[in-house]
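Chain by chain, the residues run as shown.
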Amino acid sequence: MDFKAKDVTFRATKQRRTDLMKALELEIFLCRSDNFGVLLHCHESNLTASIDAPEYAPIVAMAERRGWNITHILTTHHHGDHVEANLALKDRYGCEIIGPRNEAVAIPGIDRAVGDGDTFDFGGHVVQVIETPGHTAGHVCYHFPDSKLLFAADTLFALGCGRLFERPATDMWHSLQKLASLPDETAVYFGHEYTLANARFALTIDPDNERLKARAGEIERLRAEGKFTIPTTIGLEKETNPFLRAADPEIRRNLLMEGRTNEEVFAEIRRRKDHF
Ligand SMILES: [Fe+2]
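Residues numbered from 1 in each chain as written. Predicted model: local features only at pLDDT ≥ 70, side-chain atom pairs only at ≥ 80, totals over all residues. Heavy atoms only, no water.

In the annotation of an unreviewed UniProt entry, the entry for the protein reads Hydroxyacylglutathione hydrolase, and the organism field reads Ciceribacter lividus. If you open the UniProt record of the protein and go to Subunit (unreviewed entry), you find "Monomer." According to the UniProt record, the Catalytic activity (unreviewed entry) comment for the protein reads "an S-(2-hydroxyacyl)glutathione + H2O = a 2-hydroxy carboxylate + glutathione + H(+)". (UniProt positions renumbered as here; feature names shortened; annotations may be inferred.)

Structural data, given as structure tokens:
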């Protein structure tokens, strides 16, 4: 009897240890003025990925602090504030750079080009590539379905979405729909701390949304304390982010667009944000 009880305890402890080893650990820190640096570490395999490479010094400082050797860079798109440190980090760590196939020519140091529906392995964790054209023509997001993590960079922000530099609103709407179809509990890590301005804008589109009002208050408080608003979740964004809510009857009424398509309503919300 005694032995059995001990055995159960041992197995439970071992299970916890195995779970911990399998878990991915994240470090989030500021780069440049408002970019997020993200390091993703797998304890079991000892692999570390930098999600994009916005700035060399803070990324190296965090990797040094944690004793993590950067083995991968997962590039989402070609903008300078996402690839600036690619070559310098590759020079220092010899890391592999994975990036979007449709803009591979513009990704410094790219080793492996990936596109929609591709999957690859990161230390035993499956990574799914989701192409989300809109902000740029080849923008990709990286989804870790087992850990329920999404790295959405400049496609989906907390209460916002990326500006449409290279593709029309219709494309971005469909890209956002792909992300919205992920499980509600998926944690979303995005590229910039724009959330306070996004919240103030969202309230002009969806002023009677109680969930949004409460969230905006919480964001005001967090930012006043100098805290980040990352991550968000797919479920929370579907409830409060006007860029995912073009089908909402209340929003359509507010915009006097009740008979229009979702794409048209989305395009109007994006146009208003550009001039906000
Ligand atoms: Fe960008």
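Q: An account of the UniProt feature "binding site: Zn(2+) 1" (unreviewed entry) in the protein is needed here, citing residue identities and associated values.
A: What UniProt calls "binding site: Zn(2+) 1" (unreviewed entry) maps, in this numbering, to His77, His79, His135 and Asp154. What stands out for the annotated residues spanning 78 residues is how close their C-alpha atoms remain, the widest pair being 9.9 Å apart. Relative to the helices and strands, His77 is located in the loop between strand E4 (72–74) and helix H3 (80–83). By relative accessible area, which is 0% here, His77 ends up buried. Apart from the residues lying within four places of it in its own chain, the contact partners of His77 are Asp52, His82, Val83, Pro100, Glu103, Ile107, His135, Thr136, His139, Ala153 and Asp154. Within polar-contact distance, the side chain of His77 engages the side chain of Thr76 at 2.9 Å. The residue His135 is located in the loop between strand E8 (125–131) and strand E9 (140–144) in this model. (Helix = DSSP H or I, 4+ residues; strand = E, 2+ residues; numbered from the N terminus. Buried < 20%, exposed > 50% of the residue type's maximum accessible area, 1.4 Å probe, protein only. Contact = heavy atoms within 4.5 Å. Polar contact = N/O pair within 3.5 Å; in protein donor to acceptor, adjacent residues only side chain to side chain.)

Q: I'd like a rundown of the state of the cysteines, residues and numbers included.
A: In the structure shown here, the tally under the stated rule is zero disulfides. For the unlinked cysteine Cys42, the closest cysteine sulfur is that of Cys95, found at 17 Å. According to the relative accessible area criterion, Cys42 is buried, its value standing at 0%. Not engaged in a disulfide, the cysteine Cys95 finds its nearest cysteine sulfur in Cys31; these two sulfurs lie 14 Å apart. Accessibility expressed as a relative area gives 2% for Cys95, which makes it buried. (Disulfide = S-S within 2.5 Å.)

Q: Kindly report on helix H7 (residues 210–224), identifying the contributing residues and their values.
A: Given 3.6 residues per turn, any residue in an α-helix points the same way as the ones three and four places further on. In a regular helix each residue adds 1.5 Å, so 15 residues correspond to 21 Å; H7 covers 21 Å between its end C-alpha atoms and thus fits that length. Among the residues making up H7, those that are buried are Leu212, Arg215, Ala216, Ile219 and Leu222. For H7, the buried positions fall inside an angular range of 125 degrees around the axis, keeping them on one side. In H7, those exposed residues whose orientation departs by more than 90 degrees from the buried face are Glu210, Ala214 and Ala224. Contacts from the buried residues of H7 go to helix H6 (195–205), strand E14 (232–233) and helix H8 (234–240). (Expected span 1.5 Å × (residues − 1). Arc of directions from axis to C-beta.)

Q: Hey, could you go over the UniProt feature "binding site: Zn(2+) 2" (unreviewed entry) in the protein for me, with residue numbers and the actual values?
A: As annotated in UniProt, the feature "binding site: Zn(2+) 2" (unreviewed entry) corresponds to Asp81, His82, Asp154 and His192 in the numbering used here. For this annotated set, covering 112 residues, all C-alpha atoms fall within 10.8 Å of each other, a compact arrangement in space. Its place among the elements puts Asp154 in the loop between strand E10 (149–153) and strand E11 (156–157). The class for Asp154 is buried, based on a relative accessible area of 3%. Setting aside chain neighbours within four positions, we find Asp154 in contact with His77, His82, His135, His139, Gly162, Met172, Gly191 and His192. Residue His192 is classed as buried on the basis of its relative accessible area, which comes to 4%. A distance of 3.3 Å separates a polar atom in the side chain of His192 from a polar atom in the side chain of Asp81.

Q: Any chance you could break down the coordination of the iron ion for me, citing the residues and the numbers?
A: Within the first shell, the iron ion binds the protein through His77 (NE2), His79 (ND1), His135 (NE2) and Asp154 (OD), at distances of 2.2 to 2.3 Å. Geometry at the iron ion is irregular, judged from its four donor atoms and the angles of 85 to 176 degrees they form at the metal. The sequence pattern describing where the donors of the iron ion fall on their chain is H-x1-H-x55-H-x18-D. Taken together, the residues span a long stretch of sequence, with His77 in the loop between E4 and H3 and His135 in the loop between E8 and E9 at a distance of 58 residues. Across the pair, His135 and His77 agree in class, each one buried. (Donors = N, O, S within 2.8 Å, 3.2 Å for Na, K, Ca; no water. Tetrahedral: all angles 85-135°; square planar, octahedral: opposite > 155°, others 65-115°.)

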